[in-house]
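Here are the chains, one letter per residue:
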2 protein chains.
Amino acid sequence: MFDIYLDHNATTPLREEVSHEVMECMNNNYGNPSSIHGLGQKAKKKLTDSRETIAEFFNVKPSEIVFTSGGSESNNLALKGFNSVDGKNHIITSKIEHPSVIETCKYLESIGFSVTYLNVDSCGRVVPDELESAINNKTFLISLQHANNEIGTIQNLESIALIAHKYNLIFHVDAVQSIGKVPLNLRELNIDLLSASAHKINGPKGVGFLYINERLKKLTPLIHGGPQERKRRAGTINLPSIAGFAKAICLLKNSSINHDVLSVRNFFEETLLHNLSNVTINGDVKSRLHNTSSITFHGVDNEAVLISLDIKGICASAGSACSSGSIKHSPVLKAIGLSDEDSSATVRFSFGYKNSISDAKSVVHELVQIITHIRSIN
Amino acid sequence: MFDIYLDHNATTPLREEVSHEVMECMNNNYGNPSSIHGLGQKAKKKLTDSRETIAEFFNVKPSEIVFTSGGSESNNLALKGFNSVDGKNHIITSKIEHPSVIETCKYLESIGFSVTYLNVDSCGRVVPDELESAINNKTFLISLQHANNEIGTIQNLESIALIAHKYNLIFHVDAVQSIGKVPLNLRELNIDLLSASAHKINGPKGVGFLYINERLKKLTPLIHGGPQERKRRAGTINLPSIAGFAKAICLLKNSSINHDVLSVRNFFEETLLHNLSNVTINGDVKSRLHNTSSITFHGVDNEAVLISLDIKGICASAGSACSSGSIKHSPVLKAIGLSDEDSSATVRFSFGYKNSISDAKSVVHELVQIITHIRSIN
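Residues numbered from 1 in each chain as written. Chains lettered and ligands numbered in written order. Predicted model: local features only at pLDDT ≥ 70, side-chain atom pairs only at ≥ 80, totals over all residues. Heavy atoms only, no water.

A. View of the layout of surface pockets. Reported here for the largest pocket is a volume of approximately 660 Å³. Along its surface, the largest pocket is lined by 25 residues, and Tyr107 and Ile111 of chain A together with Lys80, Tyr107 and Ile111 of chain B are the ones closest to its centre. Contributing elements (two or more residues each) for the lining of the largest pocket: α4 (99-110) of chain A together with α4 (99-110) of chain B. Of the residues that constitute the lining of the largest pocket, the class distribution is 13 nonpolar, nine polar and three charged. (1 Å grid on protein atoms, 1.4 Å probe; cavity = no way out; pocket = protein on both sides within 12 Å on 5 of 7 lines; lining within 4 Å. Points joined across faces, edges and corners; volume = space filled by probe spheres on them. Helix = DSSP H or I, 4+ residues; strand = E, 2+ residues; numbered from the N terminus. Nonpolar A, V, L, I, M, F, W, Y, C, P; charged D, E, K, R; others polar.)

B. Examining the domain arrangement of chain A more closely. Residue and element names in this part refer to chain A. Taken as a whole, chain A is organised into domain 1 (4-13 + 255-377) and domain 2 (16-252). Relative placement of domain 1 and domain 2: their C-alpha centres are 28 Å apart. The interface is formed by 29 residues belonging to domain 1 together with 31 residues belonging to domain 2. Of the roughly 2,400 Å² buried between domain 1 and domain 2 on both sides combined, carbon and sulfur atoms contribute 50%. It is Leu289, Val332 and Ile336 in domain 1 that bury the most area against domain 2; as a group they hold 23% of the surface buried on that side. Where domain 1 packs against domain 2, one counts one salt bridge. The salt bridge involving Asp284 is made with Arg125; its shortest N-O contact spans 3.2 Å. Our count for the contact surface shared by domain 1 and domain 2 stands at 17 residue pairs in polar contact (both at pLDDT 80 or more). Element by element, the count of residues in the side of domain 1 that touches domain 2 is highest for helix α12 (residues 331-335), at four residues. (Domains from an automatic or database assignment. Contact = heavy atoms within 4.5 Å. Buried area = accessible area lost by both parts, 1.4 Å probe. Salt bridge = Lys/Arg side-chain N within 4 Å of Asp/Glu carboxyl O. Polar contact = N/O pair within 3.5 Å; in protein donor to acceptor, adjacent residues only side chain to side chain.)

C. Focus on the pattern of salt bridges. With the rule as written, the count across this model stands at 32 salt bridges over all chains. Among the salt bridges present, the one from Glu103 of chain A reaches Lys106 of chain A, with a minimum N-O distance of 3.5 Å. Residue Glu103 of chain A and its partner Lys106 of chain A are both found in helix α4; the two are separated by three residues, about one turn of the helix. The shortest N-O distance in the salt bridge between Glu132 of chain B and Lys166 of chain B comes to 2.6 Å. Of this pair, Glu132 of chain B sits in helix α5 (residues 128-134) while Lys166 of chain B sits in helix α6 (residues 157-166), and the two are 34 residues apart along the sequence. Here the salt bridges do not stand alone but share partners, grouping Asp121, Arg125 and Asp284 of chain A into one network.

D. Broad picture of the interface of chain B and chain A. Counting residues at the interface gives 60 residues for chain B and 61 residues for chain A. Both faces combined, the contact of chain B with chain A buries some 4,600 Å², and carbon together with sulfur accounts for 63% of it. When the area that chain B buries against chain A is broken down by residue, the three leading residues are Tyr30, Lys205 and His224 of chain B, summing to 15%. Applying the counting rule to chain B against chain A returns zero salt bridges. Put simply, chain B and chain A have 20 residue pairs in polar contact (both at pLDDT 80 or more) between them. If you list the elements that add at least two residues to the side of chain B that touches chain A, you get α1 (16-28), α2 (38-58), α3 (71-80), α4, α9 (239-252) and α11 (302-311) of chain B. Its residues placed into classes, the side of chain B that touches chain A shows 26 nonpolar, 27 polar and seven charged.

E. Examining the packing of aromatic side chains more closely. Evaluation of the coordinates by the stated rule reveals 16 aromatic pairs over all chains. Ring centres of Tyr30 of chain A and Tyr5 of chain B lie 5.2 Å apart, and the angle between their planes is 80°; on these two criteria the pair is classed as edge-to-face. Remark: Tyr5 of chain B occurs in strand β1 (residues 4-5) and Tyr30 of chain A occurs in the loop between α1 (16-28) and α2 (38-58); the pair is interchain, linking two chains. Just as Tyr30 of chain A is buried, Tyr5 of chain B falls in that class too. Taken together, the ring pairs connect Phe57, Phe58, Phe209 and Phe245 of chain A into an aromatic cluster. The ring centre of Tyr353 of chain A lies 4.5 Å from the NZ or CZ of Arg15 of chain A, which sits over that ring. (Phe/Tyr/Trp six-rings, centres within 6.5 Å; stacked < 30°, edge-to-face > 60°. Buried < 20%, exposed > 50% of the residue type's maximum accessible area, 1.4 Å probe, protein only. Lys NZ or Arg CZ within 6 Å of the ring centre and 35° of its normal.)

Set out below in C-alpha cells:
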C-alpha cells in the first residue's frame, strides 16, 4: 500500500513552511488589524507585509490586491462587481471556464445580462478572431481563464489582451490554476482583474485575492460591511491564512519545483504511452500546464479506473473537483470535441512538488495492469 | 510591562485544542471533500462530522448549516439571498446593527429596497411595539442582532420572534457576538436565519455559518459556482477552519467559562466604580453579555485612554473593530442617547477565558491612574 497524490489541481498539501507560518500567526498574532492597540497594529503590519510580498511577486501595487475567501469568491466579485458600466450588459467568456465563472454568468443572464460562451478549438484554445467577432456595442467585460483546470491548456493572453484593449473592455483573467506555474506580467498585458487562490499553490484553504487594476474605480462589493480592504471586501481579516498565502508565494520565487514537476509529468506520459495503446493525451501539447495530464483510456470507464487506483492508494480525478459527483460528462472535454464515451474514459492526473519519478513509475505500473484488466473484461 | 487582552469582542485568541485541530487537519486531511478518492472522502467525513457537531449544538439539522467565510458574509447572504419574495421590498432592522448589516441595507436601498432602521431605548433595546408599527405590506424581512458588540445589550428575541411570525416575515438573527455566550433555542423561537462566526469564540478566523431554516426554499447565492454546501455557497471547502470551528463549539459545551468571565467582568466594574467617580456603564445592565463592559469616563478623551492603556500592555477598544479608524462617533452610542462628547469618552472592555481577577485588578489600577491624570490636566 502506497499513497501517491495526483490531484493537485483539486487542492494541494501545505508546504511545511506555510503551515508553520499559519500556526505562528494563529497563536502569536491573533489581533484584529482594525484594532488600534499594539496587538492590532502588530497584525496590521503582518497584513501589510503579506500584501506587499504578493503585490511584488505579481509586479502590481499592494493597494490593487483585495483579499477574498478564495478563487470562487474572486471570480464572483470580478463578474458581479463591475457590472454597471454605462448601461452595457454583455459579457464574453468561454465554454471551458471554471463553474464559479459559468454559474455566475448564468445567474447574470437570469437578471438581464447577456453572455457569449465562446467555443474553443480541439486543444482548448479560444480563437482570437471568434472572440473579436463576439464583441458588440453592449460588451463591457471579457472573462477568460489563464490555464484550464482539467486539461491544462494555457490561453494566449497576449492576443486576447490586445483585443480587450482595442475595444476598451474590462479584461478579467481567472488565474487560479496558473499562478506560480505560468509567468504572467499583469502590467505588460494590462490585465484589469485577476483571480487567485492559495490552496492551489501549497497554501492554506479559504484565502485568495482579486487583483483590481487601479484604473477601475467603481466596484460594488460582494460583501458589504466594515472598511476592510479599502471598502472593497468587508469582514475581519483572515490574517493567518493571508500570511500563509504570502509564504506560499515566497516559496515560488527562485524555485525549481516547476522544472522538477514537469520532468515527472513528462516521464509519466512517455512511459504510459510506451506501455499502453489506445490512449490519448488531451489539451494543448504545445502550451499546457507542466503539472497536468488529462488522459483518455479509450473504451474504459473512468470510474472503474479511479476506484482501482484509489484501492492502490493513488489519488486522481475525473475532472474538476468542483464538478465531480454532480456532472457525469465534463463540459470542458465536450468543448474540445470528446464524445460522451471518451469523456467517460478520461482521467486527470495533476502533479505536485512531492511527486517523484519513482511515483510516476508506480502509477504507470498500476495503470497498465488496471486498464489491461478492464479491457480484457469488456 | 504586562499584556492583558480585553478586546475579545473584536477577535479572540485560539484555544490550544482548536489550533491543534486546525493544524492536524491542514497537515493530514488536506483533501478536497468534493474529490471521490480516499483522501477526498476522508475530508468529506470530517466535514460531515464538523457540521453535525455544530448543528447538534444549535439543535438544528446539519443540512440547515451553510458554511461561509465569516459573520460579514453570513449577514450579507441573509440579507441579499432572500430578497425576491413576492415583489416585497421592505426590510426592518435597527440603528445599532453591525456594519455588515447596516452597509448591506444601505446598498439594498440604493437598488430599490426600503429599509426601516429602528430606534432603540437608552439601554439599547428594540421596542417590540415600534417594531410592529414599522411593518407594512411590503415587509418581508426582520434582521436584528442577538447581542450588541459594543454595549453588550441582549435583545428580547422571544417577543420579536412572535411578531415576525404573526406577520409571516423572515426573521434573521445576527448572533455573531452572542453564540456560546447566550443560550438560544433556534427551534423554539422558530428563527429563519442566523449568522455566526468562529473567531469570536476562540475559533479560527475566516469561517462562519449561516443557519438557513429548511422552510426557506429559494436562496440566491452570494458566491455562485460549484455544488458545495448544496449549491448555496460555492468554493473549495475550508476544512481546517471548519474543523476548528466545530472544536471551538465543542469546548463551549459544559464549560464554566461564561461563569468565570462574568465574575471577572463584574469584579472589574465594581472595583472601577468604587475607585473612580463620574463613570457610567452603558447597555442594559439587566440583560447584557457577561463579557462586555462599555464604560464612559466623562470628560476624558477615549483615544488618550486607549493609548495610555496600550503603553501598559492593555488592549481595549473604542468601539467595534470594524468601525475603528473610520468613524469617530459610534452610531451605537449615539442611538442609546450619548452625546458626541460622552461617545468620545467611552471605552469598550471585552473579557475572555484567559482573563483573571488579577488582570482586572491591574487594569483598574492603571485606569484609575490614567483617568485621574488626564482629568487633572484638563
